[in-house]
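Breakdown of the fold
Below, each chain spelled out in residue letters.
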Amino acid sequence: MSSTDIYREIILDYYRNPRNYGIIENADIFKHDSNPLCGDDIEIYVNIKDNKVSDVKFVGKGCAISQASASMLTELIVGKDFEFVKKLSKETVLENLGLPDLGPARIKCALLSLKALKYGLYTYLSDNLRDVESADKMKEEVQSLF
Ligand code: FES
């Protein structure tokens, strides 16, 4: 089995058995986002405690890559420092997914959840922490994701 096949199997497993699937009532961070071209969507919920991600969940519908990527993203950030999440790059997400060289059409699928997460962080930074400088940087980053 080639490494591409292995990653395909892993993605399908996350798609069929999504980890951290569900919602968090009154989450510190919540964001809904969708891909208007296909109608797929993601909702992401994050709780922050003592500067760490204490809980994260998602719900959504869509292609295998978008849903597996969201599920893997939740595993990547749970328990991590808030700073780690702020700095999380699209390259890290794509590598974690095992698809570092995705083409322009599928990259939107793979990064939909990261986009939702970063927009959620943007709101959290500006509204809750009143950290306008970090929020502005976050907004720029999201706009250049894809
Ligand atoms: Fe819709 Fe992938 S085809 S997000």
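Whatever comes next refers back to the structure up there.
Keep in mind that this is a model prediction, so the values were computed, not measured. (Residues numbered from 1 in each chain as written. Predicted model: local features only at pLDDT ≥ 70, side-chain atom pairs only at ≥ 80, totals over all residues.)

On to the overall build of the chain, then. Across its full length, the chain carries 6 helices and 3 strands. In sequence order, the chain lays out its α and β elements as α-β-β-β-α-α-α-α-α. For the chain, the C-alpha radius of gyration of 15 Å lies close to 15 Å, the compact-globule estimate for 146 residues. Principal axes of the C-alpha set define a box for the chain whose edges measure 50 × 30 × 25 Å. The proportion of buried residues among the 146 residues of the chain is 35%. Sequence-distant contacts in the chain: of pairs separated by 6 or more residues, those separated by 24 or more amount to 58%. (Helix = DSSP H or I, 4+ residues; strand = E, 2+ residues; numbered from the N terminus. Rg over C-alpha atoms; globule rule 2.2 N^0.38 Å. Buried ≥ 20, exposed ≤ 12 C-beta atoms within 10 Å, placed from the backbone. Contact = placed C-beta atoms within 7 Å.)

Before going further, it helps to spend a moment on unusual backbone geometry. Outside of glycine, negative phi angles account for most residues, and trans bonds account for most peptide bonds. Positive phi values are uncommon outside glycine, yet asparagine 26 reaches one of about 50°. Here asparagine 26 is to be found in the loop between α1 (3–16) and β1 (29–34).

Turning next to the sheet that holds strand β2 (residues 41–49). Pairing in this open sheet of 3 strands is antiparallel, and the strands run β1-β2-β3 from one edge to the other. Only two strands of the sheet have a single partner each, and these edge strands are β1 and β3 (52–61). Mean inter-strand twist for the sheet, computed between neighbouring axes without regard to direction, equals 15°. In this structure, β1 lies alongside β2, joined through 6 bridges in antiparallel fashion. (Pairing = 2+ DSSP bridges. Axes fitted to C-alpha atoms, helices over the stretch in contact; angles between N-to-C directions.)

Moving on: the nonpolar core. One finds Ile44, Val46, Leu73, Ile77, Val93, Ala110 and Leu121 to be the most contacted residues of the largest nonpolar core, which totals 36 residues. Of all elements in the fold, only α1, β2, β3, α2 (64–77), α4 (90–97) and α5 (104–128) reach the threshold of two or more residues within this core. Setting aside chain neighbours within four positions, we find valine 93 in contact with Ser69, Leu73, Leu88, Ala110, Leu111 and Leu114. (Core = buried A, V, L, I, M, F, W, Y, C linked by C-beta atoms within 7 Å.)

Now for the pairing of β3. Strand direction decides the pairing type here: β2 and β3, joined by 9 bridges, are antiparallel. In the sheet register, valine 46 faces β3, and the bridge partner there is valine 56. Counting the residues that bridge the hairpin from β2 to β3 gives 2 residues, and of these aspartate 50 lies at a positive phi of roughly 50°.

Let's shift gears to the environment of serine 2. Relative to the assigned elements, serine 2 resides in the segment before α1. Residues serine 2 and asparagine 26, spaced 24 residues apart in sequence, show a C-alpha to C-alpha distance of 43 Å.

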